[in-house]
Amino acid sequence: MKIKKVLNQNAVLVLDDDQEKVAIGKGIGFNKKRNDRIFRRQIERLFILEPEGQIKLQDLLNQIDEKYLFAAEHIIDHAETVLMEHLNEHLLIALTDHLAFSASNIQNGIFIRNKLLREIEVLYDEEFAIAQWAVDYLNKSLGIPYSYDEAGYIAIHLHSGRNNQSTRSRSIREVTIVSDVIHLIEQELDIDIHSDAMALNYSRLANHLRQLLQRYHNQQYAVLDGEIVDLVKQKYPESYLIAKKIRVLLTKSYQMSTTTEELGYIAIHIERLRMAKESMKAEEEKK
């Protein structure tokens, strides 16, 4: 295939079957010019990118060490193999930029804690497992001490890459909402939901909240019999009151409406946590 434009020594714009594509490969653009030919064996990644994306990629490659591009490309390859699906092409630019930015912070002694780490680990477990592998790979291959917190950020990028470019902000919003709700429940019940003793109930609650957000986004609603909701109100008044406070939080902070049925489900999860707390307290009193 012929080169249409050299972006830098490791990235070129080519014509492949009369279609404009970006080809990535070590040294693929070195000493090359327009209309020179390249071979497929030289290409590590070939993808379609709109003109705006091509400009972003070229600008990025002009500003960073190219090792971050190939690290990101290797992580994406691994993710696609594990997930058995193709990830959005924009992920390469976003992840490359993130790895370079994070490395710069680390080298300057700036370590940013990821306050949403536990929620990301539960909500995006497949992506988080890959991100943990990625952190180990980065530490070994680049010699830069990326932290465990970094796995959370990489997982968000991977989750966004499984859908499309616009989902990253939505993914972060979802995790933030879940984290805020968890924090409210912790305050109301005076417990540490992230403790090992609460792990199973915490995971169930976090996943239910994610499903709630997805239902809200898709304009779907949970179905719970009205009599069951009334029973929940009667049997678990403390937990239902906390669920109502969650409704206020979602309305005021995120402009989200919540149905009575959803409150019933949330109250059941809160009651499980409350009962787990009572059980732990009873065990401690026996000792």
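The present account deals with the structure reproduced in this document. Since the structure is predicted, the reported quantities are computational estimates derived from the model, not experimental observations.

**Structural notes on the overall build of the chain**
- Each helix and strand in the chain was counted, giving eleven helices and four strands.
- The globule rule puts the C-alpha radius of gyration for 287 residues at 19 Å, and the 24 Å found for the chain is more than 25% above it.
- When contacts within the chain are restricted to residue pairs at least 6 apart in sequence, those whose partners lie at least 24 apart make up 67%.
- Carbon and sulfur atoms make up 48% of the accessible area of the chain, which amounts to about 15300 Å² in all.
- Computed over 37 positive and 43 negative side-chain charges, the inter-centroid distance for the chain is 3 Å.

**Some points on the side chain of K21**
- Here K21 shows up in strand β3 (residues 19-24).
- Judged by relative accessible area, which is 15%, K21 ranks as buried.
- In contact with K21, other than residues within four places in its own chain, are V12, L13, V14, D16, L46, F47 and I48.

**Let's talk about the pairing of strand β2 (residues 11-16)**
- Buried residues dominate β2, accounting for five of its six residues.
- Examined bridge by bridge, strand β1 (residues 2-8) and β2 share five bridges and lie antiparallel to one another. By the bridge assignment, K2 is partnered in β2 with L15.
- Taken together, β1 and the strand that follows it, β2, pair antiparallel across an intervening segment of two residues.
- When β2 meets β3, the two strands line up antiparallel, connected through six bridges.

What counts and what doesn't
- Residues numbered from 1 in each chain as written.
- Predicted model: local features only at pLDDT ≥ 70, side-chain atom pairs only at ≥ 80, totals over all residues.
- Heavy atoms only, no water.
- Helix = DSSP H or I, 4+ residues; strand = E, 2+ residues; numbered from the N terminus.
- Rg over C-alpha atoms; globule rule 2.2 N^0.38 Å.
- Contact = heavy atoms within 4.5 Å.
- Areas by Shrake-Rupley, 256 points an atom, 1.4 Å probe, with all protein chains shown as cover.
- Lys, Arg positive; Asp, Glu negative; His and termini not counted.
- Charge placed at Lys NZ, Arg CZ, Asp CG, Glu CD.
- Buried < 20%, exposed > 50% of the residue type's maximum accessible area, 1.4 Å probe, protein only.
- Pairing = 2+ DSSP bridges.

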